[in-house]
Amino acid sequence: MASFREVDPEAGGVLATVEDLRTIFSGIGTEEARALLDALRPVNYAAGEILFSQNDPGEFLLIVRTGRVRLSLTSEEGRELNLRHATAGHVLGEIAALDGGPRSATALAIEPVSAMKLARSDLRALMLRFPGLGERFVTWLCARLRETTEQLEAIALYPLDVRLARFLLFALQGRTAPEGRRIALELGYSQGELAQFVGGSRPKVNGALALLEQAGAIKRTSDRLFCDPQKLQDIAGMDP
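Residues numbered from 1 in each chain as written. Predicted model: local features only at pLDDT ≥ 70, side-chain atom pairs only at ≥ 80, totals over all residues. Heavy atoms only, no water.

Observations concerning the pairing of strand β5 (residues 80-86)
Relative to β5, strand β4 (residues 69-74) is paired through six bridges, and the arrangement is antiparallel. Paired with serine 72 across the bridge in β5 is asparagine 82. From the end of β4 to the start of β5, which pair antiparallel, there are five residues, and glycine 78 there has a positive phi angle of about 90°. (Pairing = 2+ DSSP bridges. Helix = DSSP H or I, 4+ residues; strand = E, 2+ residues; numbered from the N terminus.)

As C-alpha coordinates, this is what we get:
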(Lines give C-alpha, C1' and ligand atoms only; values in the text may rest on other atoms or scores of the structure.)
Protein backbone atom coordinates (compact mmCIF):
# COMPACT_ATOMS: atom_id res chain seq x y z
CA MET A 1 0.00 0.00 0.00
CA ALA A 2 1.01 3.58 -0.48
CA SER A 3 3.06 5.29 2.21
CA PHE A 4 1.35 8.62 2.81
CA ARG A 5 3.20 11.82 3.48
CA GLU A 6 3.24 12.92 7.10
CA VAL A 7 0.61 15.67 7.04
CA ASP A 8 -1.31 16.82 10.10
CA PRO A 9 -5.01 16.26 9.31
CA GLU A 10 -5.94 19.03 11.77
CA ALA A 11 -4.08 21.48 9.58
CA GLY A 12 -6.02 20.51 6.46
CA GLY A 13 -4.28 20.42 3.11
CA VAL A 14 -3.27 17.51 0.94
CA LEU A 15 -3.21 14.10 2.62
CA ALA A 16 -1.73 12.19 -0.29
CA THR A 17 0.35 12.68 -3.40
CA VAL A 18 -0.25 11.85 -7.04
CA GLU A 19 2.25 9.01 -6.63
CA ASP A 20 0.28 7.63 -3.67
CA LEU A 21 -2.91 7.48 -5.74
CA ARG A 22 -1.17 5.90 -8.73
CA THR A 23 0.15 3.23 -6.36
CA ILE A 24 -3.24 2.58 -4.77
CA PHE A 25 -5.22 2.64 -8.03
CA SER A 26 -2.63 0.90 -10.18
CA GLY A 27 -2.95 1.80 -13.84
CA ILE A 28 -4.36 5.32 -13.60
CA GLY A 29 -2.48 8.11 -15.35
CA THR A 30 -0.83 11.15 -13.82
CA GLU A 31 -3.49 13.58 -15.05
CA GLU A 32 -6.25 11.33 -13.74
CA ALA A 33 -4.50 11.05 -10.38
CA ARG A 34 -4.18 14.84 -10.14
CA ALA A 35 -7.89 15.28 -10.84
CA LEU A 36 -8.72 12.58 -8.30
CA LEU A 37 -6.50 14.28 -5.72
CA ASP A 38 -8.35 17.57 -6.24
CA ALA A 39 -11.68 15.84 -5.56
CA LEU A 40 -10.62 14.23 -2.27
CA ARG A 41 -11.67 15.75 1.05
CA PRO A 42 -10.02 15.02 4.46
CA VAL A 43 -12.23 13.43 7.12
CA ASN A 44 -11.51 12.19 10.64
CA TYR A 45 -13.25 9.58 12.79
CA ALA A 46 -12.95 8.91 16.51
CA ALA A 47 -12.31 5.42 17.88
CA GLY A 48 -15.63 3.59 18.06
CA GLU A 49 -17.25 5.74 15.35
CA ILE A 50 -19.02 4.06 12.41
CA LEU A 51 -17.75 5.23 9.03
CA PHE A 52 -20.69 3.62 7.25
CA SER A 53 -23.16 0.81 7.99
CA GLN A 54 -24.19 -2.30 6.11
CA ASN A 55 -27.07 -1.51 3.70
CA ASP A 56 -26.42 2.26 3.80
CA PRO A 57 -26.50 3.95 0.37
CA GLY A 58 -23.04 4.08 -1.21
CA GLU A 59 -22.53 7.83 -1.46
CA PHE A 60 -18.73 7.90 -1.13
CA LEU A 61 -15.54 5.87 -0.88
CA LEU A 62 -12.74 6.37 1.61
CA ILE A 63 -8.97 5.99 1.46
CA VAL A 64 -7.52 5.34 4.92
CA ARG A 65 -4.54 7.52 5.76
CA THR A 66 -3.93 6.63 9.41
CA GLY A 67 -5.60 4.39 11.97
CA ARG A 68 -7.41 1.06 11.71
CA VAL A 69 -10.91 0.19 10.51
CA ARG A 70 -12.78 -3.09 11.04
CA LEU A 71 -15.08 -4.31 8.28
CA SER A 72 -17.80 -6.72 9.36
CA LEU A 73 -21.11 -8.30 8.35
CA THR A 74 -24.12 -8.80 10.60
CA SER A 75 -26.76 -11.44 9.91
CA GLU A 76 -30.50 -10.99 10.49
CA GLU A 77 -30.03 -13.04 13.67
CA GLY A 78 -27.43 -10.56 14.91
CA ARG A 79 -24.35 -12.73 14.38
CA GLU A 80 -21.28 -10.77 13.37
CA LEU A 81 -18.52 -11.86 10.99
CA ASN A 82 -15.27 -9.91 10.81
CA LEU A 83 -14.03 -9.61 7.23
CA ARG A 84 -10.76 -7.70 7.53
CA HIS A 85 -8.98 -4.72 9.04
CA ALA A 86 -8.11 -1.75 6.85
CA THR A 87 -5.09 0.47 7.51
CA ALA A 88 -3.12 3.16 5.65
CA GLY A 89 -3.55 2.95 1.89
CA HIS A 90 -6.64 0.73 1.95
CA VAL A 91 -9.78 1.79 0.07
CA LEU A 92 -13.21 1.32 1.68
CA GLY A 93 -16.70 1.42 0.20
CA GLU A 94 -15.57 1.36 -3.42
CA ILE A 95 -18.13 -1.21 -4.64
CA ALA A 96 -21.19 0.75 -3.50
CA ALA A 97 -19.61 4.01 -4.66
CA LEU A 98 -19.08 2.55 -8.13
CA ASP A 99 -22.42 0.79 -8.64
CA GLY A 100 -24.68 2.94 -6.45
CA GLY A 101 -25.92 -0.08 -4.49
CA PRO A 102 -26.15 -0.48 -0.72
CA ARG A 103 -23.10 -1.02 1.48
CA SER A 104 -22.11 -4.68 1.72
CA ALA A 105 -20.45 -4.30 5.17
CA THR A 106 -20.12 -2.04 8.20
CA ALA A 107 -16.91 -0.06 8.74
CA LEU A 108 -15.99 0.78 12.34
CA ALA A 109 -12.98 2.83 13.49
CA ILE A 110 -11.25 0.75 16.16
CA GLU A 111 -8.74 3.56 16.72
CA PRO A 112 -8.73 7.21 15.58
CA VAL A 113 -8.80 7.33 11.79
CA SER A 114 -7.93 10.02 9.27
CA ALA A 115 -9.01 9.38 5.71
CA MET A 116 -9.72 10.95 2.34
CA LYS A 117 -13.28 10.96 1.08
CA LEU A 118 -14.43 10.85 -2.56
CA ALA A 119 -18.12 11.51 -3.18
CA ARG A 120 -19.84 9.21 -5.67
CA SER A 121 -20.98 12.27 -7.67
CA ASP A 122 -17.35 13.40 -8.01
CA LEU A 123 -16.27 9.89 -8.98
CA ARG A 124 -18.93 9.78 -11.72
CA ALA A 125 -17.83 13.22 -12.96
CA LEU A 126 -14.23 12.05 -13.15
CA MET A 127 -15.24 8.96 -15.11
CA LEU A 128 -17.11 11.15 -17.61
CA ARG A 129 -14.13 13.51 -17.88
CA PHE A 130 -11.65 10.66 -18.37
CA PRO A 131 -13.38 7.96 -20.49
CA GLY A 132 -10.67 5.38 -19.76
CA LEU A 133 -10.86 5.80 -16.00
CA GLY A 134 -13.84 3.48 -15.61
CA GLU A 135 -11.99 0.62 -17.28
CA ARG A 136 -8.96 1.19 -15.07
CA PHE A 137 -11.13 1.14 -11.96
CA VAL A 138 -12.66 -2.15 -13.15
CA THR A 139 -9.16 -3.63 -13.60
CA TRP A 140 -8.18 -2.45 -10.11
CA LEU A 141 -11.38 -3.80 -8.59
CA CYS A 142 -10.88 -7.18 -10.30
CA ALA A 143 -7.44 -7.43 -8.67
CA ARG A 144 -9.07 -6.74 -5.30
CA LEU A 145 -11.68 -9.45 -5.94
CA ARG A 146 -8.98 -11.95 -6.91
CA GLU A 147 -7.24 -11.27 -3.60
CA THR A 148 -10.53 -11.79 -1.74
CA THR A 149 -11.09 -15.04 -3.62
CA GLU A 150 -7.65 -16.29 -2.59
CA GLN A 151 -8.43 -15.47 1.04
CA LEU A 152 -11.77 -17.32 0.88
CA GLU A 153 -10.05 -20.26 -0.81
CA ALA A 154 -7.53 -20.42 2.01
CA ILE A 155 -10.30 -20.50 4.62
CA ALA A 156 -12.33 -23.14 2.81
CA LEU A 157 -9.73 -25.57 1.51
CA TYR A 158 -6.64 -25.68 3.74
CA PRO A 159 -5.74 -26.82 7.28
CA LEU A 160 -5.79 -24.13 9.93
CA ASP A 161 -2.01 -23.69 10.19
CA VAL A 162 -1.82 -23.21 6.40
CA ARG A 163 -4.74 -20.75 6.48
CA LEU A 164 -3.03 -18.84 9.25
CA ALA A 165 0.28 -18.75 7.36
CA ARG A 166 -1.51 -17.42 4.27
CA PHE A 167 -3.34 -14.82 6.35
CA LEU A 168 -0.08 -13.57 7.86
CA LEU A 169 1.50 -13.35 4.41
CA PHE A 170 -1.42 -11.19 3.24
CA ALA A 171 -0.96 -9.03 6.34
CA LEU A 172 2.75 -8.59 5.57
CA GLN A 173 1.80 -7.11 2.16
CA GLY A 174 4.90 -8.39 0.40
CA ARG A 175 7.42 -7.11 2.95
CA THR A 176 10.72 -8.97 2.95
CA ALA A 177 13.38 -9.47 5.59
CA PRO A 178 17.16 -9.96 5.45
CA GLU A 179 18.21 -13.60 5.59
CA GLY A 180 17.93 -14.96 9.11
CA ARG A 181 15.78 -12.04 10.30
CA ARG A 182 12.06 -11.74 11.00
CA ILE A 183 9.57 -8.93 10.34
CA ALA A 184 7.62 -7.39 13.20
CA LEU A 185 3.88 -7.52 12.56
CA GLU A 186 1.35 -5.74 14.77
CA LEU A 187 -2.02 -7.27 13.91
CA GLY A 188 -3.93 -4.82 16.07
CA TYR A 189 -6.69 -7.21 17.10
CA SER A 190 -7.35 -10.01 19.53
CA GLN A 191 -6.81 -13.73 19.07
CA GLY A 192 -10.59 -14.10 19.03
CA GLU A 193 -10.85 -11.72 16.06
CA LEU A 194 -8.00 -13.55 14.35
CA ALA A 195 -9.98 -16.77 14.76
CA GLN A 196 -12.92 -15.18 12.95
CA PHE A 197 -10.71 -14.06 10.09
CA VAL A 198 -9.26 -17.54 9.45
CA GLY A 199 -12.39 -19.53 10.23
CA GLY A 200 -11.35 -21.35 13.41
CA SER A 201 -11.98 -21.32 17.13
CA ARG A 202 -9.71 -19.38 19.47
CA PRO A 203 -8.15 -22.52 21.06
CA LYS A 204 -7.45 -24.03 17.62
CA VAL A 205 -5.91 -20.78 16.38
CA ASN A 206 -3.69 -20.73 19.45
CA GLY A 207 -2.62 -24.29 18.60
CA ALA A 208 -1.94 -23.31 14.97
CA LEU A 209 0.17 -20.36 16.14
CA ALA A 210 2.13 -22.76 18.31
CA LEU A 211 2.76 -24.99 15.27
CA LEU A 212 4.02 -22.01 13.26
CA GLU A 213 6.26 -21.02 16.14
CA GLN A 214 7.67 -24.55 16.43
CA ALA A 215 8.44 -24.43 12.69
CA GLY A 216 10.34 -21.14 13.16
CA ALA A 217 7.89 -19.21 10.96
CA ILE A 218 6.88 -16.84 13.75
CA LYS A 219 7.92 -15.75 17.22
CA ARG A 220 5.22 -14.45 19.56
CA THR A 221 5.48 -11.64 22.09
CA SER A 222 2.72 -10.01 24.13
CA ASP A 223 1.84 -7.42 21.49
CA ARG A 224 3.16 -8.60 18.12
CA LEU A 225 4.38 -11.42 15.94
CA PHE A 226 7.84 -11.64 14.38
CA CYS A 227 7.41 -13.38 11.03
CA ASP A 228 9.78 -15.20 8.72
CA PRO A 229 8.14 -14.69 5.27
CA GLN A 230 10.08 -17.51 3.59
CA LYS A 231 9.07 -20.09 6.18
CA LEU A 232 5.48 -18.85 6.07
CA GLN A 233 5.54 -19.25 2.29
CA ASP A 234 6.86 -22.80 2.64
CA ILE A 235 4.03 -23.70 5.03
CA ALA A 236 1.41 -21.86 2.97
CA GLY A 237 2.55 -23.47 -0.29
CA MET A 238 2.71 -20.05 -1.95
CA ASP A 239 5.30 -18.71 -4.35
CA PRO A 240 7.43 -15.76 -3.14
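Considering the sheet that holds strand β3 (residues 60-66)
With respect to topology, four strands assemble into an open sheet ordered β1-β8-β3-β6, the strand pairing being antiparallel. Both outer strands of the open sheet, β1 (41-45) and β6 (91-92), are each paired with one neighbouring strand and no more. Summarising the sheet, β3 and strand β8 (residues 113-119) pair through six bridges and their orientation is antiparallel. The residue of β8 that forms the bridge with threonine 66 is serine 114. The strands touched by helix α4 (residues 120-129) within the sheet are β3 and β8, with β8 carrying the most contacts at an inclination of about 55°. (Contact = heavy atoms within 4.5 Å. Axes fitted to C-alpha atoms, helices over the stretch in contact; angles between N-to-C directions.)

Points about the confidence of the model for the protein
Residues of the protein with pLDDT of at least 70 account for 91%, and the chain-wide mean is 84. When pLDDT is averaged over each helix and strand of the protein, the minimum, 79, is found for β5 and the maximum, 96, for strand β2 (residues 50-52). Every residue in residues 1-14 is under pLDDT 50, and counting partners more than four places away or in other chains gives 37 contacts. (pLDDT = per-residue confidence, 0-100.)

Comments concerning the packing of aromatic side chains
What describes a pair of aromatic rings is the distance from one ring centre to the other and the angle between the planes of the rings. This model, assessed by the stated rule, comprises four aromatic pairs. Relative to phenylalanine 60, the ring of phenylalanine 52 has its centre 6.4 Å away and its plane inclined at 70°; by these criteria the two rings are edge-to-face. Here the two residues phenylalanine 52 and phenylalanine 60 agree in accessibility, since each one is buried. Pairwise contacts between aromatic rings join Phe25, Phe137 and Trp140 into one cluster. Lysine 117 extends its terminal NZ or CZ atom over the ring of phenylalanine 60, reaching a point 4.4 Å from the ring centre. Between arginine 166 and the ring centre of tyrosine 158, over which it is positioned, the NZ or CZ distance is 4.3 Å. (Phe/Tyr/Trp six-rings, centres within 6.5 Å; stacked < 30°, edge-to-face > 60°. Buried < 20%, exposed > 50% of the residue type's maximum accessible area, 1.4 Å probe, protein only. Lys NZ or Arg CZ within 6 Å of the ring centre and 35° of its normal.)

Description of the pattern of salt bridges
Should the charged atoms of two oppositely charged side chains come close, the side chains can pair. Summed over all chains, the structure comprises four salt bridges. In this structure, glutamate 186 engages arginine 224 in a salt bridge whose closest nitrogen and oxygen atoms are separated by 3.4 Å. Of this pair, glutamate 186 sits in the loop between β9 (183-185) and α7 (191-198) while arginine 224 sits in the loop between β10 (218-220) and β11 (225-227); the two residues are 38 residues apart in sequence, bridging distant segments of the chain. Arginine 220 is paired through a salt bridge with glutamate 213; the nearest N and O atoms lie 3.0 Å apart. (Salt bridge = Lys/Arg side-chain N within 4 Å of Asp/Glu carboxyl O.)

Details of unusual backbone geometry
Of note, asparagine 55 is a non-glycine position whose phi angle comes to about 80°, a positive value. As for its placement among the helices and strands, asparagine 55 is situated in the loop between β2 and β3.

Describing the sheet that holds β9
Taking strand neighbours across the sheet as the criterion, the three strands line up as β9-β11-β10 in an open arrangement whose pairing is antiparallel. Pairing within the sheet leaves two strands with one partner each, and these edge strands are β9 and β10. Averaged over all neighbouring strand pairs, the angle between strand axes comes to 25°, with direction disregarded. When β10 meets β11, the two strands line up antiparallel, connected through three bridges. From the neighbouring strand, lysine 219 faces β11, where its bridge partner is phenylalanine 226. Along the sheet face, helix α8 (residues 202-214) touches β10 and β11 and points at about 120° away from the line of β10.

Quick word on the packing of helix α6 (residues 160-172) against helix α9 (residues 229-236)
Packed helix pairs are characterised by how far apart their axes lie and by the angle those axes make with each other. Running from amino to carboxyl end, α6 crosses α9 at an angle of 140°, the nearest separation of the two axes being 8 Å. Classified by the interaxial angle, the pair formed by α6 and α9 is oblique. Judged by the twist between their axes, the crossing of α6 over α9 is left-handed. For the pair α6 and α9, the contacting residues are Asp161, Val162, Ala165, Arg166, Leu168, Leu169 and Leu172 in the first and Pro229, Leu232, Gln233, Ile235 and Ala236 in the second. Taken together, the residues that form the contact of α6 with α9 break down as nine nonpolar, one polar and two charged. (Parallel < 35°, antiparallel > 145°, perpendicular 65-115°, else oblique. Left-handed = near helix turned anticlockwise from the far one by under 90°. Nonpolar A, V, L, I, M, F, W, Y, C, P; charged D, E, K, R; others polar.)

Quick word on the environment of asparagine 55
Judged by its relative accessible area of 57%, asparagine 55 falls in the exposed class. Between the alpha carbons of asparagine 55 and glutamine 230 there is a distance of 40 Å; along the sequence they are 175 residues apart.

Thoughts on the side chain of arginine 103
Turning to its location among the elements, arginine 103 is positioned in the loop between α3 (94-99) and β7 (106-109). Buried charged residue arginine 103 carries no salt bridge. Nearest counter-charge: aspartate 56, at 5.9 Å. Here the side chain of arginine 103 touches phenylalanine 60 through a polar contact of 2.6 Å, landing on its backbone oxygen. Those residues in contact with arginine 103, other than ones at most four positions away along the chain, are Phe52, Ser53, Gln54, Asn55, Asp56, Pro57, Gly58, Glu59, Phe60, Gly93, Ala96 and Ala97. (Lys, Arg positive; Asp, Glu negative; His and termini not counted. Polar contact = N/O pair within 3.5 Å; in protein donor to acceptor, adjacent residues only side chain to side chain.)

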